[in-house]
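Chain by chain, the residues run as shown.
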Amino acid sequence: MKFGRRIKDSRYSEWADQYIAYGALKKQIKSNLPWNDTAEADFIQSLKDELEKCEKFQRSKADELLQRINDLEKEVVGLVEKASEEEGEEEGADAHRTPGDVERHVDDHRDDDGGSDDEDMGDDESEGLSESGIEERFRELEEEVAILVADVHDLALFTKLNFTGFVKIVKKHDKLTGWSLKPTFNKDFLESHPFYRINYDHLIVKLSKLFDLVRTRGHPIEGDSSAGGSQNAFVRSTTKYWVHDENIVPLKLAIMRHLPVLVFDSGKEFSIADSAITSIYYDNEDLELYLGRLEKTEGAEAIRMRWYGDVTGNTIFVERKTHREDWTGEKSVKERFTIKEHKMNEFCAGRYTMDDEFDELVKKGKKTEKEAEGMKQLANEIQYAIVTRKLRPVMRSFYNRTAFQLPGNATVRISLDTELTLVREDNFDGNDRTNKNWRRTDFGIDHPFPTVKDSDKELFPYGVLEVKLATKVGEEPPQWIRDLINSHLVEAVPKFSKFIHGCATLLPERVDLVPFWLPQMDQDIRKPVSARSKVLIERPHSAPHSSNSANTSTPQSPAITVPSYHEPVSEGEDDEEYLVSAADRNEADALRLPPHAAAQAREAREFREQRIRDEAAARVNGHAESPAGPSTEVAAAPAPAKAKAKYDPSLRIDPLMSSDRFDKNVSLLDEQSLKKLNEEQSKQQRHADDSEDEAEEEEEEDGDRVVYVDSFRAPPGKRIAIPVRVEPKVVFAAERTFLKWSHFAVLLGGVSIALLNFIHPDDTVGLISASCFTLTALLAIVYSGGMYAYRILKLRKRMAIDYHDQYGPTALCLALVASVLVNLVLRLREL
């Protein structure tokens, strides 16, 4: 879709005046060609005004939404307190209530509702609500929260559309005028008005809390916020997806309706640093851990050091992830323990052990003896691997994570990682980036890390969604999760790994084997929105301020609509003639013409239609008569009956063509009718200009089109790692095949030995036959042994080759038949 039309169709109608005036800026460029200094100054000023308008509205709207969320949250808390008080009063009163007290209590309640119907409910007025009134207010709050969700969705779309509009209008300016504005625009304009960098996570976190309070009627599910974080080993079934930048906020809002945002410290005000996660992955110069994780070999390990929040944190999590094949009956596992930051260098060098710290935990009662022994073994194994395999920091991953989960319930856990950045930590090129430390210290969490060289970092263009399920065997995931993963918001990328992607992109000179998703990075993962999608953000239809647009995920019309031409549908075409005739009968009412002018217009129309029929009949009969001029009288000869019978029904005229093309005597129409004709001509001219603009935009957006491909090729000099699953039964099958051949060779060897033992020493025929069987047996053993070794080596390397033996069995049968024939022929010759 062309951007000019896209911004008109996608914008929220009530905010239409606050979007970038893309069409006006485009017309300003074209109307001032050829370009000069004055036109450039005027355009820059217009661009600044539009930037300030968009930024001001965005910030004010974000503050307004935050205030509305806070106000509703206070009201919900008040409603919950009032409901709890009423429950307590009723329980206490029921214990000491007599029948007479009940009657008196009824009289007391009759006066509580006086005059409340015509008053708005404030924070203090909720005290007069009954239990049913509180429930009714909660239902109203559900609708208000749904409106807030739609507003946050539209505000995020507002940011994206305007940022795209500014980039495209500057690109069009440079193309049409020949003046270069893009470098200055990016450096001066966008840096001074960074509206596109506003993060809506704080709104989403508070909105999620409010949504959960309203949904649970003020009694959210309580539990351990870490939800498994205190466990040493936890197993999850995980699937991963990519999320385009345009779909990140809609995806968060869609998940939020089913799972609340997981907040580890609910008493602390949310900040962006709270969602930051940084990991340092260790490997050696041969990238053994990279290759093991990429090829998914049994027991492949990944060792990383992770911390949460800013780099000033003192607690580091040392983690080891171990891959297990399905045939082993085990699951891949992640184990970890904590260590203080200032002890990391000593631990990695092998000069410090964690035994004393774990023993101290046992003394304090925080860990059992069994848990402490397991942690000691884990720490010693990781330390031994770092020292013996010469592991060092190689890759850093940074991202901001938004987790969705019911506290204390790890059945469904969804995390969305955004602003993913991968940074080199190695010294393979002779540059020790860590200065012999366990991590780099020259930057923190200031994404996109301007102090890091571009060659040392990889800004991942998508968000990474992880859906972690802990369901029973054979149990299906919830329906809303199936709708989510099948929607246009996500693109499935099985087994995606941040560590593997970072090594493949930042260490190309040391990596020959790349992951299967790497060639797809240049493809657009956006998908068309399905009308049947169940993850669209919809506004409540009863919302008073959203009457113009009920669905914010579908294209919105501006407040002032422009008539558009619609192609007629197949069904109901028989009604068109009726509609046309009805329009003719009501022409005077539709045009609001005076009686004498209406009569003249009707006469002109009849004259024009008759003239068209006459010309069509003349062409059918082969006559070349010239049409009458404007002063020709209405008394035209009627067309012959034969001509009418042969009238071509396919003859049509342009329905948008002005009437003066057929009737030059436009003086029959009054001033108002002439004005309507002029407006129609102007509309046609604007339509032609729009078509020309669309053609230009189509050329500009050729590079932005979504292209679907079904085949990929590895970069030059690289191979794509194709996941190959090798089960034990494949190895056993190779062994059984070898044993079958060996068994057959032993039988042939037994035949040859029997011939040698039971024939006369002077029997030449018997010696020849025994030699043939012996040779066949030896060849079978050598061939089967070689094939077995070949297959096992290929299986160990996980090479996808043809393991079928096409020629061996045939050659064995031929050798056996030949040996039998030799014996038979020689014996027959002796007779």
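Computed from a predicted model, the values in this text were never measured in an experiment.

Trainee: Whenever I open this one, the overall build of the protein confuses me. Can you help?
Mentor: Scanning the protein from N- to C-terminus turns up 22 helices and 13 strands. With 831 residues in all, the protein has 37% of them scored as buried. Long-range contacts, defined as pairs at least 24 residues apart, comprise 76% of the intrachain contacts of the protein with a sequence gap of at least 6. For the protein, the accessible area works out to roughly 48,000 Å², and carbon and sulfur atoms hold 53% of it.

Trainee: What's the story with the side chain of Ser208 in this structure? I'm lost.
Mentor: Along the chain, Ser208 falls in helix α7 (residues 201–215). Here Ser208 is in contact with Met256, Pro260 and Val261, once residues within four sequence places are set aside.

Trainee: Where do I start with the packing of aromatic side chains in this structure?
Mentor: Scanning the model with the defined rule gives 28 aromatic pairs in all. Plain terms: the ring middles of Phe166 and Phe185 are 6.5 Å apart, the flat faces sit at 35° to each other, and that makes the pair tilted. Of this pair, Phe166 sits in helix α5 (residues 131–177) while Phe185 sits in helix α6 (residues 182–192), placing them 19 residues apart in sequence. Phe185 matches Phe166 in its accessibility class, with the two residues each being buried. Ring plane angle 80° and centroid distance 5.3 Å describe the contact between Phe516 and Trp517, whose orientation is recorded as edge-to-face. One aromatic cluster in this structure is built from Phe163, Phe166, Phe185, Phe189, Phe195 and Tyr196. Over the ring of Tyr399 we find Lys498, and its NZ or CZ is 4.8 Å from the ring centre. Across from the ring centre of Phe428, 4.6 Å away, lies the NZ or CZ of Arg510, which sits over that ring.

Trainee: Please clarify how the confidence of the model for the protein should be interpreted in this entry.
Mentor: Per-residue confidence for the protein averages 78 on the pLDDT scale, and 74% of its residues sit at or above 70. The secondary-structure element of the protein with the lowest mean pLDDT is helix α18 (residues 641–645), recorded at 41, while strand β3 (residues 276–283) shows the highest, at 96. Confidence drops under a pLDDT of 50 for residues 95–126, and excluding neighbours within four residues, the segment shows 11 contacts in the predicted structure. With pLDDT under 50 throughout, residues 224–235 is counted as low confidence; its partners more than four residues away or in other chains account for 27 contacts.

Trainee: Could you clarify how one ought to interpret empty space enclosed by the protein in this entry?
Mentor: Over the atoms rolls a probe the size of a water molecule, and in doing so it shows where empty space is left. Scanning the entire structure with this criterion turns up two cavities of 30 Å³ or more. Here the largest cavity is characterised by a volume of approximately 90 Å³. Residues belonging to the lining of the largest cavity are distributed by class as follows: seven nonpolar, no polar and three charged. The computed volume of the second largest cavity comes to approximately 60 Å³. As for the second largest cavity, its lining consists of Ala734, Thr737, Phe738, Trp741, Tyr783, Ser784, Met787, Tyr788, Arg791 and Asp805. Where the lining of the second largest cavity is concerned, the elements lending two or more residues are α20 (728–758) and α21 (764–796). For the lining of the second largest cavity, the element with the most residues is α21, which contributes five residues. Here the residues of the lining of the second largest cavity are counted per class, giving six nonpolar, two polar and two charged.

Trainee: Would you mind going over the pairing of strand β2 (residues 237–243) with me for this structure?
Mentor: Within a regular beta strand, the side chains point alternately toward one face of the sheet and then the other, so they alternate between its two faces. Sheet analysis places β2 next to strand β10 (residues 463–469), joined by seven bridges and oriented antiparallel. Bridge pairing in β10 places Thr239 opposite Val467. Bridge count for β2 against strand β11 (residues 491–492) is two bridges, and the pairing is antiparallel. Note on β11: the bridge partner recorded for Tyr241 is Ala492.

Trainee: Looking at this structure, I do not really get the pattern of salt bridges. What am I missing?
Mentor: A side chain of one charge can pair with a side chain of the opposite charge if their charged atoms are brought near each other. Counting across every chain of the model gives 46 salt bridges. For Glu64, the salt bridge goes to Arg68, with nearest N and O atoms at 3.7 Å. Taken together, the positions of Glu64 and Arg68, both in helix α3 (residues 37–95) and four residues apart, correspond to about one turn of that helix. Relative accessible area serves as the criterion here: at 36%, Glu64 is assigned to the partly exposed category.

Trainee: How should I be thinking about the nonpolar core in this particular structure?
Mentor: In this structure, Leu207 and Leu465 are the most contacted members of the largest nonpolar core, which totals 77 residues. The element that contributes the greatest number of residues to this core is α5, accounting for 15 residues. Excluding residues that lie within four positions of it along the chain, Leu207 makes contacts with Ile69, Val145, Leu148, Val149, Val152, Leu253 and Met256.

Trainee: Honestly, the packing of α20 against α21 in this entry has me stumped. Any pointers?
Mentor: Helix-helix packing is described using two parameters, namely the angle between the two axes and the distance between the axes. Where α20 meets α21, the axes come as close as 8 Å, and the angle between the chain directions of the two elements is 170°. Taken together, α20 and α21 sit at an angle that is classed as roughly antiparallel. The handedness of the crossing between α20 and α21 comes out as left-handed.

Trainee: What exactly am I supposed to notice about a nonpolar patch on the surface here?
Mentor: Taken together, the side chains of Val817, Leu821, Leu824, Val825, Leu828 and Leu831 make up a nonpolar region of the molecular surface, amounting to roughly 620 Å² of accessible area. With respect to the element layout, Val817 can be found in helix α22 (residues 808–830). In this structure Val817 comes out as partly exposed when scored by relative accessible area, which is 47%.

Trainee: Help me understand the side chain of Arg320, please; the structure alone is not making it clear to me.
Mentor: With respect to the helices, strands and loops of the structure, Arg320 is situated in strand β5 (residues 315–322). Owing to a relative accessible area of 10%, Arg320 belongs among the buried residues under this scheme. A polar contact is formed between the side chain of Arg320 and the side chain of Glu381, at a distance of 2.7 Å. If we skip the residues at most four places from it in the chain, Arg320 touches Glu301, Ala302, Ile303, Val333, Lys334, Glu335, Leu378, Glu381 and Ile382.

Trainee: Sorry, what's going on with the environment of Ile134 here?
Mentor: By secondary structure assignment, the location of Ile134 is in helix α5. Through-space distance from the C-alpha of Ile134 to that of Arg217 is 9.6 Å; in sequence the pair is 83 residues apart.

Conventions adopted
Residues numbered from 1 in each chain as written. Predicted model: local features only at pLDDT ≥ 70, side-chain atom pairs only at ≥ 80, totals over all residues. Heavy atoms only, no water. Helix = DSSP H or I, 4+ residues; strand = E, 2+ residues; numbered from the N terminus. Buried < 20%, exposed > 50% of the residue type's maximum accessible area, 1.4 Å probe, protein only. Contact = heavy atoms within 4.5 Å. Areas by Shrake-Rupley, 256 points an atom, 1.4 Å probe, with all protein chains shown as cover. Phe/Tyr/Trp six-rings, centres within 6.5 Å; stacked < 30°, edge-to-face > 60°. Lys NZ or Arg CZ within 6 Å of the ring centre and 35° of its normal. pLDDT = per-residue confidence, 0-100. 1 Å grid on protein atoms, 1.4 Å probe; cavity = no way out; pocket = protein on both sides within 12 Å on 5 of 7 lines; lining within 4 Å. Points joined across faces, edges and corners; volume = space filled by probe spheres on them. Nonpolar A, V, L, I, M, F, W, Y, C, P; charged D, E, K, R; others polar. Pairing = 2+ DSSP bridges. Salt bridge = Lys/Arg side-chain N within 4 Å of Asp/Glu carboxyl O. Core = buried A, V, L, I, M, F, W, Y, C linked by side-chain atoms within 4.5 Å. Axes fitted to C-alpha atoms, helices over the stretch in contact; angles between N-to-C directions. Parallel < 35°, antiparallel > 145°, perpendicular 65-115°, else oblique. Left-handed = near helix turned anticlockwise from the far one by under 90°. Patch = residues over 30% accessible without salt bridge, like charges linked within 9 Å, V, L, I, M, F, W, Y side chains within 5 Å. Polar contact = N/O pair within 3.5 Å; in protein donor to acceptor, adjacent residues only side chain to side chain.

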